[in-house]
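Observations on chain architecture
What follows is the residue order along each chain.
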Amino acid sequence: MNSFDAIEQKMQSVGLSEAAVNAFRHSVEVLTSDRSMLIPESDIAPAQDVAEWDELVAATPEADAALLAQAVLVKLNGGLGTSMGLQKAKSLLEIKPGVTFLDLIVRQVKSLRERAGYPVSLLLMNSFSTSADTMAHLSRYQEGGFADPAQVEMIQNRVPKLLTDTLEPVSFPENPDLEWCPPGHGDLYPAMVGSGWLDKLLAAGVKYAFVSNSDNLGAQLDTRFLRWFAESGAPFVMEVTRRTEADKKGGHLAVRRSDGQPLLREVAQCPEEDVPAFQDIDKHRYFNTNNLWIRLDALRQFMDEHGGVMPLPVIRNVKTVNPRDASTPAVYQLEVAMGAALECFPGARAVCVPRSRFFPVKTCSDLLLLRSDAVVIDEAGAMTLAPECGGVAPVVLLDSKMYKLVDSLDALGVPSLKNVKRLVVKGAHRFADGEALSGDVEIG
């Protein structure tokens with residue numbers, strides 16, 4: 001038995017689909033081939049002349065009800081908020097009192113349905129870790145099918161960790177869950193095929209998917225851009241935005257010199273000697289927001305033409321099977337990024353969006369900003385900055401040791417930030433809720 005036979009048996013033993021097995025086979029073949037998994041600076045050119053979102057939207061009418069009926073909102077909801085002290089889906093974090101990310105996603109979909117007069121589709125890509133908590137929370141939304149997994153849920157696949165010396169799937173009887181790892185959000189494509197969701201949506205007349213992370217409140221299905229996307233003929237569009245110093249480690253947009261195809265390069269794909277160029281935000285000016293627009297009929301055709309596999313670049317991470325125990329065996333964790341499909345579709349495009357469409361929550365600093373009056377959320381679930389912000393979100397920098405966990409924010413309080421440019425908090429502090437701040441504020 002060769003190593004992939006053992007991998008295939010392991011994956012089949014837990015009920016993973018043929019599409020998931022074939023996708024992982026591709027990743028292993030890349031790992032074991034002579035092909036480089038790196039993208040050197042010499043092979044790419046900086047992206048130029050990227051279309052501007054505001055200009056496209058301003059020149060495009062809103063989508064009508066018939067077009068909205070052909071759209072699905074896909075939210076990646078597989079992540080736990082463990083880095084912030086949570087043991088449940090990050091989308092269950094409260095943004096405003098009694099209101100979670102998930103509640104706002106439902107609110108946005110309800111608003112779209114009212115405008116369309118049709119049940120615009122919502123699809124959550126949950127993981128084994130987030131499914132139960134997510135669906136339990138959605139039980140409060142019985143009307144509209146939100147509480148029915150068959151109508152709103154797709155489960156993310158998992159893949160085996162591979163021993164670095166043999167490439168055999170690792171065995172770890174003391175904690176079998178540690179034998180597995182997530183395959184990255186590039187799993188979107190085999191998950192859609194293997195679950196049957198791709199064909200189900202197409203059969204229902206749904207052609208346009210807007211995909212984003214569930215913790216990014218700025219990622220809303222814009223009806224004008226939906227019309228532009230439908231009329232553009234592009235099979236795949238990535239939303240990018242201007243890089244800042246805070247984004248220099250994030251994946252950036254580039255163009256392959258050999259054929260002019262746009263592509264995404266992650267830092268793990270960058271040779272060490274090219275890291276300074278990777279982090280040069282004046283040279284590589286755009287980074288991936290992980291907001292994607294995908295034509296589902298084009299996706300179906302591509303998958304059919306490529307044996308059911310999206311041949312994405314593979315990122316190899318070297319870990320120990322128990323990440324908290326360096327004495328446990330060394331393993332490869334292979335993952336793929338969904339935005340990397342940009343290079344797979346001829347005619348794929350990137351569009352530069354305002355920073356307001358990229359508003360993820362990775363830290364308690366991000367969460368405090370969302371909980372403050374600098375961020376306004378309306379009844380339709382749409383997020384905007386307060387007028388006092390002048391279109392620029394305040395910079396919030398909390399002491400990373402003191403305010404690492406969500407519970408620590410309860411002791412900090414929520415001040416008024418709509419007139420703040422920059423807030424820095426060092427050490428313990430207590431704001432009165434609504435306490436007015438302005439300009440540049442440094443505490444401690």
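What comes next concerns the included structure. (Residues numbered from 1 in each chain as written. Predicted model: local features only at pLDDT ≥ 70, side-chain atom pairs only at ≥ 80, totals over all residues. Heavy atoms only, no water.)

Our focus in this paragraph is helix H6 (residues 131–138). Those residues of H6 not exposed but buried are Ser131, Thr134, Met135, His137 and Leu138. Each buried residue of H6 sits inside an arc of 155 degrees when the element is viewed along its axis, so together they form one side. Among the structural elements, strand S3 (71–77), strand S5 (99–100), helix H5 (101–116), strand S6 (121–126), helix H7 (149–152) and strand S7 (153–155) are those in contact with the buried residues of H6. (Buried < 20%, exposed > 50% of the residue type's maximum accessible area, 1.4 Å probe, protein only. Helix = DSSP H or I, 4+ residues; strand = E, 2+ residues; numbered from the N terminus. Arc of directions from axis to C-beta. Contact = heavy atoms within 4.5 Å.)

All right, on to the pairing of S3 then. Most of S3 sits inside the fold, with 7 of its 7 residues counted as buried. The two faces of S3 match: Ala71, Leu73, Lys75 and Asn77 on one face and Val72, Val74 and Leu76 on the other face are all buried. In this structure, S3 lies alongside strand S11 (residues 208–213), joined through 6 bridges in parallel fashion. Paired with Val74 across the two strands is Val211, which belongs to S11. Relative to S6, S3 is paired through 6 bridges, and the arrangement is parallel. Counterpart to Val74 in the pairing with S6 is Leu123. (Pairing = 2+ DSSP bridges.)

Residue position: Thr289 is located in strand S15 (residues 286–295). When residues no more than four places from it in sequence are discounted, the contact partners of Thr289 are Asn216, Glu239, Val240, Thr241, Val353 and Phe358.

Among the nonpolar cores identified, the biggest contains 63 residues, and Leu188, Tyr189, Phe236, Leu299 and Met310 are the most heavily contacted of them. For this core, the leading source of residues is helix H2 (residues 18–32), giving 7 residues. In terms of nonpolar packing, the next biggest core, distinct from the first, is built from 39 residues, Leu56, Val109, Val120 and Phe146 among them. (Core = buried A, V, L, I, M, F, W, Y, C linked by side-chain atoms within 4.5 Å.)

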